[in-house]
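Listed here are the chains, written in short residue letters.
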Amino acid sequence: MDQLTGFQRDLLYVIAGKDRPSGQEILDDINTYIDQPVTHGRLYPNLDTLVEKELVEKGQLDRRTNYYALTPKGRRALQRRQEWVDQYVDV
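Residues numbered from 1 in each chain as written. Predicted model: local features only at pLDDT ≥ 70, side-chain atom pairs only at ≥ 80, totals over all residues. Heavy atoms only, no water.

- The name an unreviewed UniProt entry assigns to the protein is Transcriptional regulator, PadR-like family, from the organism Haloterrigena turkmenica.

Right, dumping it as structure tokens:
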């Protein structure tokens, strides 16, 4: 998790909060949080990195649309990160 960029960690949180979101759904959600609009050219390479690191699973909803879901490894990494954050931040 410490080898990920902040943007990649944000993507993990978005994916964790949804049920198999499409790339477009992830893009829509992340754009409500990020000040500068995120492009497809930024989103998909970062999603591919998360897939390569086996933190996210990529599957097909239909011929044109992929979905993304946390793998067990991704869920554990996100839980460990959240536990680490919680020991320092109490909001």
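**Brief notes about the overall build of the protein**
And step 1. Within the protein, the regular secondary structure consists of four helices and two strands.
And step 2. Sequence-ordered secondary structure for the protein, helices as α and strands as β, is α-α-α-β-β-α.
And step 3. Radius of gyration (C-alpha) of the protein: 13 Å, near the 12 Å computed for a compact globule of 91 residues.
And step 4. C-alpha atoms of the protein, sized along the principal axes, occupy 45 × 30 × 20 Å.
And step 5. Considering only intrachain contacts with a sequence separation of at least 6, the fraction spanning at least 24 residues in the protein is 46%.
And step 6. Counting every atom, the protein has about 6200 Å² of accessible surface; 45% of that belongs to carbon and sulfur.
And step 7. Here the protein carries 13 positive and 15 negative side-chain charges, and the mean point of each set is 5 Å from the other. (Helix = DSSP H or I, 4+ residues; strand = E, 2+ residues; numbered from the N terminus. Rg over C-alpha atoms; globule rule 2.2 N^0.38 Å. Contact = heavy atoms within 4.5 Å. Areas by Shrake-Rupley, 256 points an atom, 1.4 Å probe, with all protein chains shown as cover. Lys, Arg positive; Asp, Glu negative; His and termini not counted. Charge placed at Lys NZ, Arg CZ, Asp CG, Glu CD.)

**Considerations on the pairing of strand β1 (residues 56–60)**
Regular strands have side chains that alternate between both faces of the sheet.
And step 1. With five bridges connecting them, β1 and strand β2 (residues 66–70) associate as antiparallel partners. Looking at β2, one finds that Gly-59 is bridged to Tyr-67.
And step 2. In this antiparallel pair of consecutive strands, β1 and β2, the connection spans five residues. (Pairing = 2+ DSSP bridges.)

**Notes on a positive patch on the surface**
And step 1. A contiguous patch of positive charge on the surface is contributed by Lys-53, Lys-73, Arg-76 and Arg-80.
And step 2. Given the relative accessible area of 52%, Arg-80 is considered exposed. (Patch = residues over 30% accessible without salt bridge, like charges linked within 9 Å, V, L, I, M, F, W, Y side chains within 5 Å. Salt bridge = Lys/Arg side-chain N within 4 Å of Asp/Glu carboxyl O. Buried < 20%, exposed > 50% of the residue type's maximum accessible area, 1.4 Å probe, protein only.)

**Quick word on the pattern of salt bridges**
And step 1. The final tally for this structure, using the stated rule, is two salt bridges.
And step 2. In this structure, Lys-18 and Asp-29 form a salt bridge, with 3.2 Å as the shortest nitrogen-oxygen distance. Residue Lys-18 is found in the loop between α1 (6–16) and α2 (23–31), and its partner Asp-29 is found in helix α2; the two are separated by eleven residues along the sequence.
And step 3. Given the relative accessible area of 35%, Lys-18 is considered partly exposed.

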